[in-house]
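If you want the building blocks of each chain, they are given just below.
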Amino acid sequence: MASELEPEVQAIDRSLLECSAEETAGKWLQATDLTREVYQHLAHYVPKIYCRGPNPFPQKEDMLAQHVLLGPMEWYLCGEDPAFGFPKLEQANKPSHLCGRVFKVGEPTYSCRDCAVDPTCVLCMECFLGSIHRDHRYRMTTSGGGGFCDCGDTEAWKEGPYCQKHELNTSEIEEEEDPLVHLSEDVIARTYNIFAIMFRYAVEILTWEKESELPADLEIIEKRDTYYCMLFNDEVHTYEQVIYTLQKAVNCTQKEAIGFATTVDRDGRRSVRYGDFQYCEQAKSVIVRNTSRQTKPLKVQVMHSSIVAHQNFGLKLLSWLGSIIGYSDGLRRILCQVGLQEGPDGENSSLVDRLMLNDSKLWKGARSVYHQLFMSSLLMDLKYKKLFAVRFAKNYERLQSDYVTDDHDREFSIADLSVQIFTVPSLARMLITEENLMTTIIKTFMDHLRHRDAQGRFQFERYTALQAFKFRRVQSLILDLKYVLISKPTEWSDDLRQKFLEGFDAFLELLKCMQGMDPITRQVGQHIEMEPEWEAAFTLQMKLTHVISMMQDWCALDEKVLIEAYKKCLAVLMQCHGGFTDGEQPITLSICGHSVETIRYCVSQEKVSIHLPVSRLLAGLHVLLSKSEVAYKFPELLPLSELSPPMLIEHPLRCLVLCAQVHAGMWRRNGFSLVNQIYYYHNVKCRREMFDKDIVMLQTGVSMMDPNHFLMIMLSRFELYQIFSTPDYGKRFSSEITHKDVVQQNNTLIEEMLYLIIMLVGERFSPGVGQVNATDEIKREIIHQLSIKPMAHSELVKSLPEDENKETGMESVIEAVAHFRKPGLTGRGMYELKPECAREFNLYFYHFSRAEQSKAEEAQRKLKRQNREDTALPPPVLPPFCPLFASLVNILQSDVMLCIMRTVLQWAVEHNGYAWSESMLQRVLHLIGMALQEEKQHLDNVTEEHVVTFSFTQKISKPGEAPNNSPSILAMLETLQNAPYLDVHKDMIRWILKTFNAIKKIRESSSASPVAETEGTIMEESSRDKDKAERKRKAEIARLRREKIMAQMSEMQRHFIDENKELFQQTLELDASTSAVLDNSPMVSDTTLTALGPAQTQVPEQRQFVTCILCQEEQEVKVESKAMVLAAFVQRSTVLSKNRSKFIQDPEKYDPLFMHPDLSCGTHTGSCGHIMHAHCWQS
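Not measured: the values here are computed from a predicted model.

Engineer: I'd like to hear about the overall build of the protein, residue by residue, with values.
Structural biologist: On a plain count of helices and strands, the protein comes out with 46 helices and 13 strands. Across the 1179 residues that make up the protein, the buried fraction comes to 50%. Counted over contacts in the protein with a minimum sequence separation of 6, partners at least 24 positions apart contribute 76%. Here the protein has roughly 58,800 Å² of accessible surface; of this, 52% comes from carbon and sulfur atoms.

See below:
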């Protein structure tokens, strides 16, 4: 069969080789209808070159295509031999200052962390090595393919936009020079003609959908009955399914099937059978039948060989156009004009539009080729890049919908070009103002998430596989929104303000659909049957985290925008919680003479959601009002008087109560889905826009309301109101036969509530909440991470939140707070906290997990013991609050707070009568310490015109009011100082009393300065004198008791020595002998020599300390210590052998430790001498 075909192939080759490119081009130059002439040439020759049999011959096809098809076009374009014409064009061209190298998959790319505008700005290796960025901090990654080098793009780099190679061209380039001036009019006309025809031909044939007939102007009369069964790639079926199906369908070997499958996966399609129509149709039906059982069938088409031939040449033609425009910027400009010129059908009729809109219908190989052409033409010409960006934005919704319904990866979709357009700052601003791009992206995203509940919130439960697949693909739109926002504007026009706020409205609509989504109810009685879907909602939250932060950053840059955004956000929050009472009945709470009206709501019984993005966005904007001082400059423009603090705090408070109850073990029956949600709520990836913002929102609420009212509402939500509002409730509660779990739960809830109060007062390191900057915030994060243990760079970076540019800001501050300990033999360098930074340690730092808090406490106490200091961990001195949050400190001296403190201390004093915990007391002591630090700062910073209104020391000196007449907080602290069951907390109580006395001295010494007089000062003075006398009496009793105990111990010691004189004498002798043996001086008396035998003298062993090379832990070598080992290499040795020829008969039974007299071979053991723990070596 092959021998019969050979002459025919050779004959074809000869007829093709006789075709002259110069003659054909000459004919075209004379033609009146060039399009018809060119199409006839292609119709005649393309099927003769391409697709001549079952297997392609790419080298032969390319050679013939260049000679017969592309050669005439090059002759026509140049008007002479292209071997001379193209070098002339290249010489006349002023080269582009843009590099534009398109990256291949796996190629290294470099981004400068100091100078890149965003992380998507990258350089190829050649440009990077020739740029200033090689000496900066940079990030190296491997390309996924498809992007291009940004060298020469002034908008991509803060400095050093050019490398040495491309910098040479900058001086020669005039601004906005038209590249066509370097081409003659003849060349421009010919290029325009040939580009228009060839580009139209390629687009037409690649988007052609008929399988057996060509466009009319490409049809030929003598059409052969040869078809291909063409198999297309999809991302649904596996390699194994495709290989198995092909073996059955086309009767091929496994090796051939693997070859077909590999090509299909790489290029997007491959012919698996060649022959007449019936023969190919039969294979198609087998493939469809075999792959349509579980999923949609593989896409297979029976295509006429001439269509496949023209499509293959169409791809070759696009690659050719890409290489031709490399000779001259003028040629590139002409191709851009041709591509973007509107056709006769008006909107979306340009060749570029047609290709983009048919993207999802094309196979993988075709997409890659035309995407690369777009990058080397439209994206390299700054004028047409802008026009292309407009076309892309106008078609954005349609392109994204095509991508979502398609199943190919994003890198093979035209939608992926968004990164090349939206990250250019000038284009992004232009598209926001002219095409309303922000709104378009957000609305397109929401259109794809139509699964909502009755309240209009997103519902991800019971998602089908198709919906889950669609949700994964639609997340890329969030990435596009991030690209648009990544570069902040330096100047605002009215149009930009208007369009940004329109986009902000759309964004609020999106967040409104998330507010309160996935609500949960506590499971009582039996365990939840099926774990609910929670991951989709958190995935959405994670993807939006940076976008929410960037929205706030944009708002912060313009006062008008910030004010409007704040109003809009507040309005949407009011809509979400217009009836925030949820139909609950109102109740009145009263403690210490204060009353507040609220609603009856139990987190443990009602629905509660962890997703509150609108509340959290408002909290972020409120902080910005403080940071930018807009709240003080334009109070009349802000709706601060309309704010309802109880409404603002309600839902974030519920969320924090939920976390406390989960920790208390009240939600165990809700399964792991809730545990995972709580974990991510606090996790470094989500906390910035979740947990942190809930704390800020509560701080906002407390700063605007009576702290007593807030504390009562909080007690009610924590379901602890009864315990603190009813006298002796705790005693009754513990004396009743109560379930142990309930007591434990209540204790944990009290601990969590106190922890929350500590956070509200102490967490003021966000710029805008406290008078700090971003550097202080990062420093504090690092200090607390290194308080746990020394950390390696990578470990530390993982524990810090990243911004949208993947930066943590660590490098700028690390040297101020830590020393770097160089790597030892383990190869890991460690950062260690500087000793002077330890005073900034806060035991209740809000980003500690419980395990981290415990480790940090242990590490800090150990450090203090080593330094011979007391082990108290007092609260650090904090920066002052910003004026908008200044009233927050009053929560520490409010009546309800003092009542809570007094109650817990009372429980500790009468420790057997109540159910309480040491953690509870520790938190109260921390709060008292915070209040004392606050008062001390107020006194230190007082000026003549200011009055100190913070009088915590006076309030804790007062005894409780009737009818209880409980002792003052101060008196109870003094009682607890000597309590034997509170040994751990003695140092802290001592520190509190010491600080109290220091403040008292300051107040007494500055009595001339105006101090706010409170009612009952005289009564306080007399009670203070009584307290003082009582304390003196107790101190005297304690001193006498200590002296008595010391005397008793001394007597017992003397008595013991008298009774055991003999033993004591032996000990003294042994000590003398030990010191003599250890002394290496020659003057050793005979009495210290050691005798051997049954009654031998005990030899004192010298203590030996060694360090494990793996964990760097130092350890004394003892029998009872962890086993230490040496790594050794045991081998056969013949170094001292006298009989090397001897052969060991049975090596298995040969004892290597037994040495034969002929010394034939021995055992040699070698070791490096490095010591390590046996368990370290094994692991």
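Engineer: So what about the pattern of salt bridges? Which residues, and what values?
Structural biologist: Throughout the structure, instances matching the rule amount to 47 salt bridges. Between glutamate 209 and lysine 361 there is a salt bridge, with its nearest N and O atoms 3.4 Å apart. Residue glutamate 209 is found in the loop between helix H8 (185-206) and strand S3 (227-232), and its partner lysine 361 is found in the loop between helix H14 (351-357) and helix H15 (364-376); the two are separated by 152 residues along the sequence. Between aspartate 267 and arginine 266 there is a salt bridge whose closest N-O contact spans 3.1 Å. We classify aspartate 267 as partly exposed; its relative accessible area is 29%. Using a relative accessible area of 54% as the deciding quantity, one classes arginine 266 as exposed. Here the residues in one salt-bridge network are Arg113, Asp114, Arg137, Arg139, Glu807 and Glu811, joined through shared partners.

Engineer: Break down the nonpolar core for me, citing the residues and quoting the values.
Structural biologist: Formed by 280 residues in total, the largest nonpolar core has its most connected members in Phe195, Phe313 and Phe388. The contacts of phenylalanine 388, once residues within four sequence positions are left out, are Leu340, Val352, Met356, Phe374, Leu378, Leu379, Leu417 and Ile421. Counting 21 residues, the second-largest nonpolar core is a separate cluster that includes Ala249, Val272, Ile287 and Val300.

Engineer: Could you give me a rundown of unusual backbone geometry, with the residues and numbers involved?
Structural biologist: One non-glycine residue, cysteine 51, adopts positive backbone phi at about 55 degrees. Inspection of the secondary structure assignment puts cysteine 51 in the loop between helix H3 (34-49) and helix H4 (58-78). Non-glycine residue arginine 868 carries a positive phi angle of around 60 degrees. In this fold, arginine 868 is placed in the loop between helix H38 (850-866) and helix H39 (895-909).

Engineer: Can you explain the confidence of the model for the protein? Please cite residues and give values.
Structural biologist: For the protein, per-residue confidence averages 85 on the pLDDT scale, and 87% of positions sit at 70 or higher. When the elements of the protein are averaged for pLDDT, helix H45 (residues 1061-1078) gives the smallest value, 49, and helix H23 (residues 494-514) the largest, 96. In the model, residues 1072-1088 has pLDDT below 50 throughout and makes three contacts with residues more than four positions away in sequence or in other chains.

Engineer: Could you give an account of the packing of helix H20 (residues 437-448) against helix H22 (residues 476-485), with specific residues and numbers?
Structural biologist: In contact at an axis separation of 9 Å, H20 and H22 are set at 165 degrees when each is read in the N-to-C sense. Classed by the angle they form, the pair H20 and H22 counts as roughly antiparallel. Judged by the sense of rotation from one axis to the other, the crossing of H20 with H22 is left-handed. Facing H20, whose interface residues are Leu437, Met438, Ile441, Ile442, Thr444 and Phe445, H22 presents Leu477, Ile478, Asp480, Leu481, Val484 and Leu485. Counted by class, the contact of H20 with H22 contains 10 nonpolar, one polar and one charged residues.

Engineer: A description of H23 should follow, citing residues and the corresponding values.
Structural biologist: For H23, which comprises 21 residues, the first-to-last C-alpha distance of 30 Å matches the rise-based estimate of 30 Å (1.5 Å per residue) to within 8%. Positioned one or two residues after H23, glycine 516 has a phi angle of 80 degrees, which is positive.

Engineer: I'd love a proper account of helix H2 (residues 21-30), names of residues and values included.
Structural biologist: Every buried residue of H2 is accounted for by Ala21, Thr24, Ala25 and Trp28. The buried residues of H2 occupy an angular sector of 95 degrees when projected down its axis, which confines them to one face. Away from its buried face, by an angle of more than 90 degrees, H2 presents the exposed residues Glu23, Lys27 and Gln30. If you follow the buried residues of H2, they end up packed against H3, H4 and H8. Among the residues of H2, the N-terminal cap falls to serine 20, whose side-chain oxygen and the backbone nitrogen of glutamate 22 are separated by 3.4 Å.

What counts, and at which threshold
Residues numbered from 1 in each chain as written. Predicted model: local features only at pLDDT ≥ 70, side-chain atom pairs only at ≥ 80, totals over all residues. Heavy atoms only, no water. Helix = DSSP H or I, 4+ residues; strand = E, 2+ residues; numbered from the N terminus. Buried < 20%, exposed > 50% of the residue type's maximum accessible area, 1.4 Å probe, protein only. Contact = heavy atoms within 4.5 Å. Areas by Shrake-Rupley, 256 points an atom, 1.4 Å probe, with all protein chains shown as cover. Salt bridge = Lys/Arg side-chain N within 4 Å of Asp/Glu carboxyl O. Core = buried A, V, L, I, M, F, W, Y, C linked by side-chain atoms within 4.5 Å. pLDDT = per-residue confidence, 0-100. Axes fitted to C-alpha atoms, helices over the stretch in contact; angles between N-to-C directions. Parallel < 35°, antiparallel > 145°, perpendicular 65-115°, else oblique. Left-handed = near helix turned anticlockwise from the far one by under 90°. Nonpolar A, V, L, I, M, F, W, Y, C, P; charged D, E, K, R; others polar. Expected span 1.5 Å × (residues − 1). Arc of directions from axis to C-beta. Polar contact = N/O pair within 3.5 Å; in protein donor to acceptor, adjacent residues only side chain to side chain.

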